[in-house]
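This is what each chain is made of:
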Number of protein chains: 6
Amino acid sequence: MFTVTVRDHLMIAHSFRGEVFGPAQRLHGATYLVDATFQRPELDGDNLVVDMGLAATEVHRIVAALSYQNLDDDPDFVGINTTTEFLAKIIADRLAARIHDEALGPDADGLTGLTVRLHESHIAWADYHRTL
Amino acid sequence: MFTVTVRDHLMIAHSFRGEVFGPAQRLHGATYLVDATFQRPELDGDNLVVDMGLAATEVHRIVAALSYQNLDDDPDFVGINTTTEFLAKIIADRLAARIHDEALGPDADGLTGLTVRLHESHIAWADYHRTL
Amino acid sequence: MFTVTVRDHLMIAHSFRGEVFGPAQRLHGATYLVDATFQRPELDGDNLVVDMGLAATEVHRIVAALSYQNLDDDPDFVGINTTTEFLAKIIADRLAARIHDEALGPDADGLTGLTVRLHESHIAWADYHRTL
Amino acid sequence: MFTVTVRDHLMIAHSFRGEVFGPAQRLHGATYLVDATFQRPELDGDNLVVDMGLAATEVHRIVAALSYQNLDDDPDFVGINTTTEFLAKIIADRLAARIHDEALGPDADGLTGLTVRLHESHIAWADYHRTL
Amino acid sequence: MFTVTVRDHLMIAHSFRGEVFGPAQRLHGATYLVDATFQRPELDGDNLVVDMGLAATEVHRIVAALSYQNLDDDPDFVGINTTTEFLAKIIADRLAARIHDEALGPDADGLTGLTVRLHESHIAWADYHRTL
Amino acid sequence: MFTVTVRDHLMIAHSFRGEVFGPAQRLHGATYLVDATFQRPELDGDNLVVDMGLAATEVHRIVAALSYQNLDDDPDFVGINTTTEFLAKIIADRLAARIHDEALGPDADGLTGLTVRLHESHIAWADYHRTL
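Keep in mind that what you see is a predicted model, and the values were worked out from it rather than measured.

Basis of the calculations
Residues numbered from 1 in each chain as written. Chains lettered and ligands numbered in written order. Predicted model: local features only at pLDDT ≥ 70, side-chain atom pairs only at ≥ 80, totals over all residues. Heavy atoms only, no water. Contact = heavy atoms within 4.5 Å. Buried area = accessible area lost by both parts, 1.4 Å probe. Helix = DSSP H or I, 4+ residues; strand = E, 2+ residues; numbered from the N terminus. Least-squares fit on C-alpha atoms with pLDDT ≥ 70 in both. Salt bridge = Lys/Arg side-chain N within 4 Å of Asp/Glu carboxyl O. Polar contact = N/O pair within 3.5 Å; in protein donor to acceptor, adjacent residues only side chain to side chain. Nonpolar A, V, L, I, M, F, W, Y, C, P; charged D, E, K, R; others polar.

Caption draft 1: How the structure looks around the interface of chain C and chain A. The partner chain A presents 23 residues to the 23 residues of chain C that form the contact. Note on chain C versus chain A: buried area summed over both sides is about 1800 Å², and carbon and sulfur give 65% of it. Looking at the side of chain C that touches chain A, the elements with two or more residues in it are β1 (2–14), β2 (28–40), β3 (69–70) and β4 (113–121) of chain C. With six residues, β1 of chain C is the single largest residue contributor to the side of chain C that touches chain A.

Now the structure itself:
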């Protein structure tokens, strides 16, 4: 099994609802490092898991659409706690939709899985893994 | 599948028995970075894998109980080689016991797996993975 | 010349005023890794630059007072662009005041300089250096 | 399940064939950080996954045989795109052959899997995982 | 004194002349992480050391002009050992020229120094510092 | 001004004397990452600050002489607190002596300064800088 990973980042504001969040119930923010991992059982004819340039471009497009925002104001997230683990899933699902739309090229239908890791600091991170 | 990871560290002395260990048979020591990863198939009602504050507190409690010790003198490790991979298992098992005691809250019974990674240097680390 | 550095982090929301900031004029946020570096020409009687425990405690106190806030609402920063480089100076100046108050102990009067580095992502950071 | 990982690196020149590679079709080069991960369900009698010294030595031997080369001139890679993911497999397969030759000692027959990760930069890396 | 740093990277092939270089006399290559640090005694009216977006763009332009090349074929480097420390100076000098051309805006004339660090691996790096 | 840095590491046991050290008065240990930085105003005839291979060899020799030891038993450190900052100086001074002995070659007399950084964990490190 092969994987390839590309890293990007985003900077957002948000707040959480629920006592479990303590001071993070206040409006605050985060830099998230975003590691998107593409999985494929065999390499394609170019010896690639995925066109890394296209992959980085699509990850950046998804990340840029979320960047420099207050996520509390995003209509997609009304009443939702945009936790690190939840955002990992959002980014993975949006990336999966783009793969199915052939944004990473027709060869990308050989991809079988996708993992998105979001680092919220040097001491905490979250992953979401899904099949394709 | 979701995971969340928190990082802590500990500093200990120890020695090993067995020719395979070469100069590490002498009393020496290590800083271990500890990455504890909690696995859960679905997020809870707060969109969390685990209460990260409680998780960090429990990891720290376990790590602090080992810290600033000569592990050769710890009654739990008499005659045992406290290798990096062995210590990863010790920390994971102690953390699993705390989860079963509901130290991470009742929602933590949704956790299905646990991985502990110990970095002994910038060029060597070990993982132990177990189910919950 | 000796230095000792301790690392902490904070997570805040803010926005900037001025065309130079582009999309960062919108309310967004950041995780800042904070590296506080203490400088001293000679070690003290314990072979220390500074009591690292006290240093970490004071850095954390200053960082915690800023954490989980929208800096746009902080009375100290009304009408001010709280850029990474500006926040590095704020933290350094607050730390210098605490050193002068002997919060790091009387031996800390041997410290001659202070640098605060704030990492806003894996690809951008800022430093502020001052004398004591 | 336990794993142990050791890190090494290599520096090579190469070029790629195929429009998908864009400017990387020109002769260029890379530093690859190499993380070799050894997997074993239970620890051996010394509480080890593998003799880490021997493991590091074998990884280094394989890496050194590729280092400071133009891979385009290597008879093993004639007409082959030596992508990051492909090189991860080459290193893993060479390491697997050495394990089967007992280069890591007879106890290493308890190893069940091997992963090689190659980092080509701070924002891109690839993994290959295989059984033993 | 303030500084701001932005990180980029480049991937090149080259070879060295001289026995001191051992196997690196052969054609090989490297990924260089490039950290460009801009120094300024006081912040500008926007509380900035430099427009970080412009700074990153200029660093990238200089880095891209060197990327995916065999430096042995670059007319600027005929008969020259393009060591890590030498390339740090090349990038710093090209960046200084762009600053003097006001590519970073007219406010950038407040910059007083520039440091370029090139990491050739996780265990080796070089810096060049110059005034502006 | 140019610098070149090489990284190595060591693993030791030790204990401290003095209330300021709290639990670190007990026998414990550390992994220290060691970054040795060589400073030179101009490059030599090979475009080098120092022969990096020789530099790495000498750093390793000094580090290996300290490794896998209980520093409390080292005759050089009787009654001395072997703090991170103190050990940075020890390694720097031993390296300076080797440079003066021409262990890095006769060209190394162009070196003007030396910095040794010891990382004791991901959140704490110390530097010692000296002239040559």
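Caption draft 2: Geometry of the relation of the copies chain C and chain A. Rotating chain C by 180° and moving it 0.0 Å along the rotation axis overlays it on chain A with an RMSD of 0.0 Å. Accordingly, the operation relating the two chain copies is best matched by a two-fold axis. Here 100% of the contact residues of chain C are again contact residues in chain A; the copies associate through an equivalent surface.

Caption draft 3: Inspection of the interface of chain C and chain E at higher detail. With 18 residues of chain C at the interface, the matching set in chain E holds 16 residues. Where chain C abuts chain E, roughly 1400 Å² becomes buried across the two surfaces, and 55% of that area is made up of carbon and sulfur atoms. On the chain C side of the interface with chain E, the three residues burying the most area are Val20, Glu85 and Trp125 of chain C, jointly 42% of the side's total. Here chain C is connected to chain E by zero salt bridges. Inspection of the chain C/chain E interface yields seven residue pairs in polar contact (both at pLDDT 80 or more). The set of elements that each furnish at least two residues to the side of chain C that touches chain E consists of α2 (84–100) and β5 (124–131) of chain C. Considering every element that reaches the side of chain C that touches chain E, the biggest residue donor is β5 of chain C, with six residues. In terms of residue class, the side of chain C that touches chain E is built from nine nonpolar, four polar and five charged.

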